[in-house]
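Structural overview for review
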Amino acid sequence: MKEYLKSFNLFTELEINDFLKLSQNVELKKGDFYINQNEICESLAFVKSGIFRSFYFSNNDDEITYCFTFPNHLLMAYSSFISQKKSEENIQALTDAEIISIPKLTLETLAESNTNWLKFLKIIAEKEYIELEKWIFNHQKDKAPQRYLDLITKQPEYIKEIPLHYIASYLGVTQRHLSRIRANISY
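Please read all numbers here as calculations on a predicted model, not as lab measurements.

Attention now goes to the sheet that holds strand 8 (residues 97-103). Strand pairing within a sheet occurs via backbone hydrogen bonds; the two strands may be parallel or antiparallel. One open sheet accounts for 4 strands, arranged 1-8-3-6; its pairing is antiparallel. The strands lining the two open edges of the sheet, one partner per strand, are strand 1 (24-28) and strand 6 (74-75). Where strand 3 (residues 43-49) and strand 6 come together, 2 bridges link them in antiparallel fashion. In the sheet register, Phe 46 faces strand 6, and the bridge partner there is Leu 74. In the packing of helix 4 (residues 104-113) onto the sheet, contacts are made with strand 3 and strand 8, and the angle to strand 8 comes to roughly 55 degrees.

In total, this model carries 15 aromatic pairs according to the counting rule given. Taking 5.1 Å as the distance between ring centres and 75 degrees as the angle between the ring planes, the aromatic pair formed by Tyr 4 and Phe 8 counts as edge-to-face. Both residues of the pair, Tyr 4 and Phe 8, belong to the buried class. Ring centres of Phe 19 and Trp 117 lie 5.0 Å apart, and the angle between their planes is 15 degrees; this geometry places the pair in the stacked category. Of this pair, Phe 19 sits in helix 2 (residues 13-22) while Trp 117 sits in helix 5 (residues 115-141); the two residues are 98 residues apart in sequence, bridging distant segments of the chain. The two residues Phe 19 and Trp 117 agree in class, both being buried. Between the NZ or CZ atom of Arg 53 and the centre of the ring of Phe 55, over which it lies, the distance is 3.7 Å. A cation over an aromatic ring shows up here: Arg 53 above the ring of Tyr 166, its NZ or CZ 3.8 Å from the ring centre.

Parameters and conventions
Residues numbered from 1 in each chain as written. Predicted model: local features only at pLDDT ≥ 70, side-chain atom pairs only at ≥ 80, totals over all residues. Heavy atoms only, no water. Pairing = 2+ DSSP bridges. Helix = DSSP H or I, 4+ residues; strand = E, 2+ residues; numbered from the N terminus. Contact = heavy atoms within 4.5 Å. Axes fitted to C-alpha atoms, helices over the stretch in contact; angles between N-to-C directions. Phe/Tyr/Trp six-rings, centres within 6.5 Å; stacked < 30°, edge-to-face > 60°. Buried < 20%, exposed > 50% of the residue type's maximum accessible area, 1.4 Å probe, protein only. Lys NZ or Arg CZ within 6 Å of the ring centre and 35° of its normal.

This is the structure:
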């Protein structure tokens, strides 16, 4: 987390250390939820270790995985975090995981007292928007084989820990189709 915060080139060592004192280390077991649908996301987390999936239920009650979160990335149900309304998504640990969590109210207090934290929250909002836009473009423009190739290229060390039915759901294909895609891609 310290290196992640340093990467923004906004904070002094003291500001980062104060932030870490206000945050909490949380361990989650495989299958535990960071947030469930209809809960309010009241904290921002940083993934120290582990893999998470974000999913929602379709009108047919099928689980639709739309995002994976890997170590060294932020974790939150962003629209619920901003609006403080009930989340429409679930975020579940796919492996044992450790996160660093800080309450939204603590972040807001930091932002009121120091504009660097306000800038940090603005940058996060911009990054979330860009990631959402990329996701939309990729899912509309690229076919499932290309999206699968992108996933295994960007996260090769973690991809083997994700059950195939979640990857198939993420790609919007059946498990059988995913098997064909995997057979046609040489590693």
